[in-house]
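A closer look at the structure
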Amino acid sequence: MAGDAIDLVVGCHHRLYRQFLHGAFERREEVFAQRPFGNIRRADIGAVFGLTMTAALGSVVIVGGGTAGWMAAVAFGRLLGPAGTRVTLVESDDIATIGVGEATIPPIRTFHAMLGIDEDAFLLATGGSYKLGIRFEGWTRPGESYVHPFGQIGTDIAGVPFAAQWLRARQAGAAEALGAYSLEARAAEAGRFSRPIANGDSPLSRIGYAYHFDAGRYAAFLRAQAEAHGVIRREGRVDRVERGPAGIAAVHLADGSRIEGDLFLDCTGFRALLIQGTLQAGWTDWSQWLPCDRAVAVPSAADAAPLALTRAIAEPAGWRWRIPLQHRTGNGHVFSSRHCSDDEATATLLAGLQGEALADPRVIRFATGHRTRFWSGNCIALGLAAGFMEPLESTSIHLVQSGLQHLLRMLPTGAPPAPAIVDRYNRTMTGEFVRIRDFLVAHYHLNARTEPFWRERAAAPIPDGLAEKLALFRAGGRIFREADELFNEVSWLAVLTGQDAPVTGHDPICDALPIMAAANRLALIERVVATSLTHMPPPCRRAGTVGPGQDDLMPIAFVLAAAVINLNQLGFRPDDPKQAIVADAATSPLEWVVVDDAGKTVLTGRTTVGGDDAASGDHVHVARFTALTRSGSYRVWL
Ligand SMILES: Cc1cc2nc3c(=O)[nH]c(=O)nc-3n(C[C@H](O)[C@H](O)[C@H](O)COP(=O)(O)OP(=O)(O)OC[C@H]3O[C@@H](n4cnc5c(N)ncnc54)[C@H](O)[C@@H]3O)c2cc1C
């Protein structure tokens, strides 16, 4: 019925709307265990917002057309455009964007879903790839590595969090390393990937993932989306900012034009033209906590067998990143200029390349810290203009998203904006930055490397918040997540154990369950993860493409709905015979359906009842779908 359908659509969007604007509260469950949004009719989002937003803001001017500027433009255009707000973005073709910033974390999927961005279209347009986590190589000592995976790790055991039970069992020698219980960590290492597939309570239903993408292409992709939502792009260099009673009245372009607005978003990158150049919002320096102050970056030829993870490789005076894209690999070396010259850093970077360099290395200088006031007058800084912390956990683009989320919850209702709102925003963003900073510092503080840079980091004072986290962990492995904190208990567990953080004893609540019973449950979880892994397709060179995969194989991702389905292989050549064996007690044929990546049914059929199978002890059915000959990625449903 039409009425039911409308209710459903509004309900879905309302959930997304809440998730986007109130993400901080939902993050506890959602951030690293994102759900798919397959059933959402995205075209209706604007209509829903049209009903709920008011046009209190006449015009918003965004200065800067890098990732931050265009993320803001598409969000404001999409959400406020229907309410009558005019959104203008000014960018200068003469001033380059930063050109890096290509690794993300899972909340970006919420951002994209909220804005109606189609995942396949986005990946194709940006040369993007999937990411299941970050592998830290050599961070404790050379030769050792661990993965900080997205998604959940394990599951509660006897009502006690997995982390506590695992720590106790690990101390007793009765548990595997943490990564064994994470589907994302194992899939990333094994070069496998699948989007989440509806499969009951299995880890396959909850795969947490994010993306790598080409920064330049991402800005261009967002620009097209924003312009489709009515955002006006003005090309030109801002050479004067005019002050007004609310803060900023207008920006003046080199061609003499004047652009006025009610609200200004400073997305001018490290220049911070409005928020600092004009409003002097101040800078809080954090170089004492995170002393790396330079990076050298270079693209190289695409990996032949890319993994769905970002690599962070420790070096004597910093670390290197490797970000696999479809058309190239992004590489960079973040370093401390007190410990390493630009030439040495460049030599280290080039020596570590796995493919041919595609451009000259480029040195980028940066300062670590944040704007003391992110919001001043009627101007809010986003992106590099707001602050920067090195990309160790891929958090900068997330901070743009998070700034937008908070801003959209705190839109001013008049000019000048109410001081209470401005203060609240500044306090919230400062808190976000502080907690991420503490997480980053933990990676450096907990190291056993011998080089002067690393010994200095191990000995340096650490922020109070981190000191408390480490003290709590040391006392029985306790991890507490602060309100609104981006990184959850699982992330802290992965990094603290990966970095060999000291821990004494275990949480006594675990003792209610005998250690052997806990060990058995852990073994079961490990087996479920291992089995789930076998159901994830092998690497696909062009991740995200709906077309032919590697060697023209047709990868089949499949869903375990009512029964256990075993495919005779994971990828098929188009003319190969294709069949699945299904374990099910039913004595009459079962209906099956094959759907393509867009969810469209492409083939249906009924199983042949095979009867009892002596080898497996199961009653089996056979589903044959050899008639499917078009290359692509499909799912089999029963
Ligand atoms: C070495 C390094 C590695 C990074 N890696 C990651 C990562 O892996 N993951 C992640 O999340 N983030 C990463 N970041 C951060 C990420 O790159 C940025 O957060 C993101 O690209 C946003 O940048 P931006 O849009 O704020 O600035 P920019 O890209 O610098 O854009 C600034 C814009 O302002 C315009 N502009 C400036 N002055 C004027 C003017 N006078 N008139 C008109 N226009 C003007 C420019 O033309 C440009 O369009 C990294 C950053 C660095 C430095």
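Everything discussed here concerns the structure shown above.
Right, let's walk through the structure included here. Because the structure is a prediction, the values reported are computed rather than measured.

Next up on the list: the overall build of the chain. If you tally the helices and strands in the chain, you get 16 helices and 30 strands. Put simply, the chain has 638 residues, and 58% of those count as buried. For the chain, restricting intrachain contacts to residue pairs at least 6 apart in sequence, the fraction spanning at least 24 positions comes to 74%.

Moving on, we come to the pairing of strand β4 (residues 133–137). The buried count for β4 comes to 5 of 5 residues, which makes it a mostly enclosed element. Burial of β4 is two-sided: the residues Gly 133, Arg 135 and Glu 137 facing one way and the residues Ile 134 and Phe 136 facing the other way are all buried. Alignment of β4 against strand β5 (residues 145–149), held across 5 bridges, turns out to be antiparallel. Counted as the bridge partner of Gly 133 is Pro 149 from β5. Pairing of β4 with strand β14 (residues 310–315), which is carried by 4 bridges, proceeds in the parallel orientation. Across the sheet, residue Ile 134 finds its bridge partner in β14, namely Thr 310.

This brings us to the site of the ligand. Close to the ligand lie 31 residues, the nearest being Gly 65, Ile 95, Ala 103, Val 238 and Ile 397. Within the backbone of Ile 98, a nitrogen or oxygen atom sits 3.0 Å from an oxygen atom of the ligand. The protein chains hide 98% of the 1000 Å² of surface that the ligand would expose on its own. Partitioning the shell around the ligand into residue classes produces 14 nonpolar, 13 polar and 4 charged.

Here the focus is the sheet that holds strand β8 (residues 238–244). In space, the 3 strands of this open sheet follow the order β8-β9-β10, with antiparallel pairing throughout. Each edge of the open sheet carries a strand with a single partner, namely β8 and β10 (258–260). When strand polarity is set aside, the average angle formed by the axes of neighbouring strands in this sheet is 25 degrees.

Turning our attention to the nonpolar core. Within the largest apolar cluster, 156 residues are counted, with the highest numbers of intra-cluster contacts made by Phe 76 and Leu 265. Residues Trp 592, Leu 603, Phe 625 and Leu 628 belong to the second largest nonpolar core, which totals 7 residues.

With that settled, consider the side chain of Glu 119. Residue position: Glu 119 is located in helix α6 (residues 119–126). In this structure the side chain of Glu 119 is engaged in a polar contact, spanning 2.6 Å, whose partner is the side chain of Tyr 209. Ignoring sequence-local partners within four residues, the contact set of Glu 119 consists of Tyr 130, Arg 195, Tyr 209 and Tyr 211.

All right, on to the environment of Glu 235 then. Counting through the fold element by element, Glu 235 comes out in strand β7 (residues 232–235). When the C-alpha positions of Glu 235 and Leu 253 are compared, they lie 8.8 Å apart, and in sequence the two are 18 residues distant. A polar atom in the side chain of Glu 235 sits 2.6 Å from the backbone nitrogen of Asp 93.

This next bit is on the pattern of salt bridges. This model, assessed by the stated rule, comprises 25 salt bridges. Across the pair Arg 233 and Asp 93 runs a salt bridge whose closest N-O atoms are separated by 3.1 Å. Placement of the pair is Arg 233 in strand β7 and Asp 93 in the loop between β2 (86–91) and α5 (107–114), with a sequence separation of 140 residues. The exposure class of Arg 233 is partly exposed, given its relative accessible area of 22%. Glu 119 serves as the salt-bridge partner of Arg 195, at 2.3 Å between the closest nitrogen and oxygen.

Before going further, it helps to examine the environment of Pro 589. Secondary-structure assignment places Pro 589 in the loop between β25 (579–583) and β26 (591–596). Judged by relative accessible area, which is 36%, Pro 589 ranks as partly exposed. For the pair Pro 589 and Thr 608, spaced 19 residues apart in sequence, the C-alpha to C-alpha distance is 5.8 Å. Among all residues touching Pro 589, those that are not within four sequence positions of it are Arg 606, Thr 607, Val 609 and His 621.

Calculation criteria
- Residues numbered from 1 in each chain as written.
- Predicted model: local features only at pLDDT ≥ 70, side-chain atom pairs only at ≥ 80, totals over all residues.
- Heavy atoms only, no water.
- Helix = DSSP H or I, 4+ residues; strand = E, 2+ residues; numbered from the N terminus.
- Buried < 20%, exposed > 50% of the residue type's maximum accessible area, 1.4 Å probe, protein only.
- Contact = heavy atoms within 4.5 Å.
- Pairing = 2+ DSSP bridges.
- Near = heavy atom within 4 Å.
- Polar contact = N/O pair within 3.5 Å; in protein donor to acceptor, adjacent residues only side chain to side chain.
- Areas by Shrake-Rupley, 256 points an atom, 1.4 Å probe, with all protein chains shown as cover.
- Nonpolar A, V, L, I, M, F, W, Y, C, P; charged D, E, K, R; others polar.
- Axes fitted to C-alpha atoms, helices over the stretch in contact; angles between N-to-C directions.
- Core = buried A, V, L, I, M, F, W, Y, C linked by side-chain atoms within 4.5 Å.
- Salt bridge = Lys/Arg side-chain N within 4 Å of Asp/Glu carboxyl O.

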